[in-house]
Every structure is written in structure tokens, then in C-alpha cells.
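# Descriptive structure summary
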Protein chains: 2
Amino acid sequence: MENFKEFIIEGRDAFVPCLSLDCVIFGFHSGQLKILLLKMRYDELWALPGGFVYKDEDVDAAAARILRERTGIKDIFLQQLHVFGDPNRSDSKRNKNILEKDGFENGQGDWLTERFITVGYYALVDFSKVELAIDYSSEICEWQDLTSIPSLIMDHSCILKTALERLRKEINYQPIGLNLLPAKFTMPELQSLYEAILGKKLDRRNFQRRMLGYGLVNRLTETRKGGAHKAPYLYTFNNEKYKQALEEGLQGGW
Amino acid sequence: MENFKEFIIEGRDAFVPCLSLDCVIFGFHSGQLKILLLKMRYDELWALPGGFVYKDEDVDAAAARILRERTGIKDIFLQQLHVFGDPNRSDSKRNKNILEKDGFENGQGDWLTERFITVGYYALVDFSKVELAIDYSSEICEWQDLTSIPSLIMDHSCILKTALERLRKEINYQPIGLNLLPAKFTMPELQSLYEAILGKKLDRRNFQRRMLGYGLVNRLTETRKGGAHKAPYLYTFNNEKYKQALEEGLQGGW
DNA sequence: GCAAAAGTGTTTGACCTACACCCATGT
DNA sequence: ACATGGGTGTAGGTCAAACACTTTTGC
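Residues numbered from 1 in each chain as written. Chains lettered and ligands numbered in written order. Predicted model: local features only at pLDDT ≥ 70, side-chain atom pairs only at ≥ 80, totals over all residues. Heavy atoms only, no water.

This part takes up the overall build of chain A. A count of helices and strands for chain A gives seven helices and ten strands. Along the longest, intermediate and shortest principal axes, the C-alpha atoms of chain A span 65 × 45 × 30 Å. Per-residue burial over chain A gives 51% buried out of 254 residues. Put simply, 75% of the contacts in chain A that link residues at least 6 apart link residues at least 24 apart. Accessible area of chain A: about 12,600 Å², with a carbon and sulfur share of 47%. Charge-centre separation for chain A: the mean point of 34 positive side chains lies 10 Å from the mean point of 36 negative side chains. (Helix = DSSP H or I, 4+ residues; strand = E, 2+ residues; numbered from the N terminus. Buried < 20%, exposed > 50% of the residue type's maximum accessible area, 1.4 Å probe, protein only. Contact = heavy atoms within 4.5 Å. Areas by Shrake-Rupley, 256 points an atom, 1.4 Å probe, with all protein chains shown as cover. Lys, Arg positive; Asp, Glu negative; His and termini not counted. Charge placed at Lys NZ, Arg CZ, Asp CG, Glu CD.)

Here it is as C-alpha cells:
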């Protein structure tokens, strides 16, 4: 709370005015696509993790910083999604309320009640590596199933929707998985990830053939033991080829 | 120039601070992909058309306004490209010079020498419908061949490069042409557009089959007469199907 | 009639789809 | 042994690439 006060008082001069960032952070666990959400104080609503850009800071770097602070992960897959610039997207009444409830008066923190333009980002992270951290403006920070997202503040539902649409689009011409899965994974796990993203079932055999066809995964001699039934092979991603595929895209087109 | 003075003096209060827009405007004429560029005063460099967002204006709407003012075209194909947020992208020395040369003193127009974050847009327009308009900060406004782009200010070359990459990517899963071509066009013209965007030759027969296969174009009974050689058929786009394809994408993937 | 551009069709191979059988493991 | 999940192979259809011939038109 000491920090929050500093943030309010120093924010006006420290940050690029009228500009915020919001991140849709996707994770994957036990067959479910998850999203990292914050529960706001004084509010029943949830919010995407976000923040502001320091006056001398690169915008993308600010997004990476915010993600790092929140999840503890460094080399994060993070991409710009869209700029949300509706003049009515901000809820200045809500922000004023919060400031009042926290005891700020006569214009302290006024900069927060301006109209804000936000740059939406989306990130793919390895669920198992994330160490969640709450900050001074939220009381809860947790993963929520994509299938049961609560009500979100402002236009955050719209940002989330846009991120999911983007992810579903990108999966068609970019490799996905390296950032969402642990280093070693099984083919059924990878398929389950695709199914979670796309929201539909895929054929096991065709999925495997296609994946192997891309040449992005290496089969290990190990298998995942311990589960019931036949032990599936473990795979790793071929980082070089994966990187290359990210740049060049997967299927040619023209 | 009277306008320019107003712009400088009133800009601080009228616009969202530290935020600009820049547009890569693609046109197509005589087999060449063209880009609309401005020649700046006091400078050998060229620039992308751009502008600022009024405090109560939607960001995308501002981009549309800027394009409309510049090209006279209303229903423009305009999409967000990327946010360029490097703190060093602005060239505040250059801006200060311009202000001084125009006789602004003691801090008038200081707001322009701040660090700016720009939202890049790209637009596809019908070359034949554009009526160019220069404004008070530029002396020339003209189409330049993509193959011979002059030096650009700040990071505008980077924005242009990003736009071209995006266009080449999008052409793989979106219909392109409705916005770049006149209402009636021939198949070789459409192919020539694709070749200009992709920078390589395509096979006539396969191109035509694929295009017709999408069902986005209607063949007219008319042909384009007057040219030497056999007269090619004219086509129009099927607006409904085109629109639908824009939303749903062209080839399935998963 | 000849050169140049435009219209059309066929063959080939790759890939995607749909589907069935065998194997390994825990209960 | 059996139920469940995982590994693999095959036949059929679709689509895209590669390629050649015919038609029209201006000179």
C-alpha cells in the first residue's frame, strides 16, 4: 500500500500519459486453456494484468517487464495484439471511486482518470513455471479456465476475445506449443493443447502425422511412465526449426 | 501556414499526448505497387502520412480521418499494423529545428518534441479514386513505386517494411484486391497485383483456377477492348462473399 | 501470317481425411 | 481378461503444380 501511494503520486511524471498495456496471458494445464486474471479491490470484476510505460521505456519492453513482474518468467512469448482506442473504453468513474476509497484527494492520481488508450498484448507461458505475484491494486491473481471466465472490467472481455481469435488464427500458420508446454511433452498432450485452443476434437493419427511432418519435434527414447495404459513417447521441440517456422510460417500459400 | 500555427499552438490541448498515427497507403497502378509519401519541408527526407488523435476521438477513427483528409476516399480498407514504441524512434532534434525555422519560440510546440509512440496503420486504396492533398507540413504528396522508395524520416522505413511483410502474409489467408483495383478489372490485372505484392511471377492458369475457386469474382460478358491482342474478360468482386471471406479467412487450416 | 496475350484442360503427385488394427499397462 | 489409451498404416478424394494447345487481335 505504501507502493500504491507512490505509484499514484509519481505515476503522472513517470509514465507516458494516457497509455496503458494489458496482457492476455495464456497457460495450459490438465487439458484446459487458462488465462491469468486479477481480482480488483473494491470490485466484483476481474481484470487482465496490465500496467504503464515508463517515459523512457520501450513499449514492448514495458509489456515484457509487466509480464515478468507478474509471472516471474523471463523469456516469454509476447506479441502485440491490438490497440484499443475507443474514447469511452475507460471507466473514469470507477477509477475515481477507487482513488477516493483509498483516500486520495484534491487531484492526486487525476492522471488515472484520463481517457486511456491501451495496447493489448498476448503471451503464451509455461503454466508450470509461473510463480504468481499479486500487486497493490489487486487482491487475487489466479488462472481461470477459458471456459468459465468471469465478468471483466472495461473492455477487457473484448481484449480477451480478440486475443483468442488471434491465437486461433495464428495456429494455422505458426507453430504453437513451445511456450505453452513444458520442455518434454507427449503427442497426446500437444494435441490436447490444440484442441483446447481450437475448441474441437482432432483426429489422433492425422494430428501426429502432420506434426511430425513439420519436423519441429524430436521424439525421445523415453516414455511418460506412471499413467495408466500404454506409455506415450516424450518429445521436445527442435528450437532452431521452431524459431525458423515462427519467422517463415508453416504452410506456403502463394 | 496559418493552419500550421494553429496546429502547433492548439495541438497540446487538442490531441492525446505522445501518441501519433502513421499510415502506409498502398495503391496499384500499371503493374506497380505504390506507396503514398510526403516530402517534408526543410528536409531531404520523405515521410508516411500521419497525424494525431483528438482527445475525444477513437484511434481507428482518427486513422480513417487522416486517410480521408489525405486521399479524399471514405470507405477505405484500413487496418492496424503495429505499435512502434522505441523511446528513441522520435527525432526531437529534427522537430526542434523545424519549429525554430518556422519561428516558434519559448516552448510553443514543445509538445511535438516529446517522445512519441506511433500506431502504424496500413491502407489499401483504389489508385484511380485518390485525390491527393498536401498539408501544411509537407510540400509534396505523391505516389512512389515500392521498388524505389527514397529515404524516410525516423523509423518510417521500418513501418513500411512491417506493412509490406504484413500484406504478404495476409494475402495468404485473406482476399485482396477489392480495395486496390477499380470496380471492373481483368484476371491478368488481378494477377499482376498479386505478383507486385509478392514480388514474383505466378502461373496464369493456376492463378485463375484458384481465384475462380474462391468464388469471389464474377465474370462479366464484357471484355476489355482497346488493348492489343486478345481482349480479356472483365470481372467484378462479389462484395458479399468477399466480405465474408475477409471475416472467415480463405483456407481452413485446422 | 506472325507475335503476343488470353482462354482452357490434363496429368501428376502431395497432402489431407477417414477409418481399423495392434500394443502396452493398470485394474 | 479387459478396458483404456497410444502407436501405426492404408485407401480415396481433393487440390495445387506443372505444363501445351488453341483463340483472338493488331501490326
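Back to the text.
What follows covers the protein's contact with DNA strand C. Around DNA strand C there are 18 residues in total, and Arg205 and Asn206 of chain A together with Arg204, Arg205 and Arg219 of chain B lie nearest to it. Arg209 of chain A places a side-chain nitrogen or oxygen 3.1 Å from a base nitrogen of DNA strand C. A distance of 3.3 Å separates a base oxygen of DNA strand C from a polar side-chain atom of Arg209 of chain B. Of all the elements in the fold, those that place two or more residues in the surface near DNA strand C are helix H6 (204–214) of chain A together with helix H6 (204–214) of chain B. If you tally residues by element for the surface near DNA strand C, the top one is H6 of chain B, at four residues. (Near = heavy atom within 4 Å. Polar contact = N/O pair within 3.5 Å; in protein donor to acceptor, adjacent residues only side chain to side chain.)

Moving on to the interface of chain B and chain A. Counting residues at the interface gives 38 residues for chain B, matched by 38 residues for chain A. For the pairing of chain B and chain A, the buried interface totals around 2,900 Å² over both sides, and the portion due to carbon and sulfur atoms is 59%. When the buried surface of chain B facing chain A is broken down by residue, Gln80, Val83 and Trp254 of chain B rank first, second and third, together holding 27% of it. Linking chain B with chain A are zero salt bridges. (Buried area = accessible area lost by both parts, 1.4 Å probe. Salt bridge = Lys/Arg side-chain N within 4 Å of Asp/Glu carboxyl O.)

Turning our eyes to something else, we now look at the UniProt feature "domain: Nudix hydrolase" (unreviewed entry) in chain A. Under the UniProt annotation, the feature "domain: Nudix hydrolase" (unreviewed entry) is placed at residues 18–166 of chain A. Regarding residues 18–166 of chain A, the helix share stands at 23% and the strand share at 35%, and the terminal C-alpha atoms are separated by 25 Å. (UniProt positions renumbered as here; feature names shortened; annotations may be inferred.)

The subject of this paragraph is the pairing of strand E2 (residues 32–40) of chain A. Residue and element names in this part refer to chain A. Extensive coverage of E2 is indicated by the burial of eight of its nine residues. When E2 meets strand E7 (residues 138–145), the two strands line up antiparallel, connected through seven bridges. Across the sheet, residue Ile35 finds its bridge partner in E7, namely Gln144. Where E2 meets strand E3 (residues 46–47), two bridges bridge the pair, whose relative direction is antiparallel. Bridging across to E3, Leu38 finds its partner in Ala47. Hairpin geometry of E2 and E3 is characterised by an intervening segment of five residues between the two adjacent antiparallel strands and by a positive phi of about 55° at Tyr42. (Pairing = 2+ DSSP bridges.)

Attention now goes to the packing of helix H5 (residues 187–198) of chain B against H6 of chain B. Residues and elements named next belong to chain B. Direction vectors running N to C along H5 and H6 enclose 100°, while the axes themselves pass 10 Å from each other. Viewed along their axes, H5 and H6 adopt a mutual orientation that is roughly perpendicular. Across from Met187, Leu190, Gln191 and Tyr194 in H5, the residues of H6 making contact are Arg204, Phe207, Gln208, Met211 and Leu212. (Axes fitted to C-alpha atoms, helices over the stretch in contact; angles between N-to-C directions. Parallel < 35°, antiparallel > 145°, perpendicular 65-115°, else oblique.)

Glancing now at the relation of the copies chain B and chain A. After a rotation of 180° and a shift along the axis of 0.0 Å, chain B superposes on chain A with an RMSD of 0.1 Å. Taken together, the turn and the small shift mark the pair as related by a two-fold rotation axis. Of the C-alpha atoms belonging to chain B, the one lying closest to the rotation axis is found on Pro17 of chain B, 3.3 Å away. Interface residue correspondence from chain B to chain A reaches 100%, placing this contact among same-surface, isologous pairings. (Least-squares fit on C-alpha atoms with pLDDT ≥ 70 in both.)

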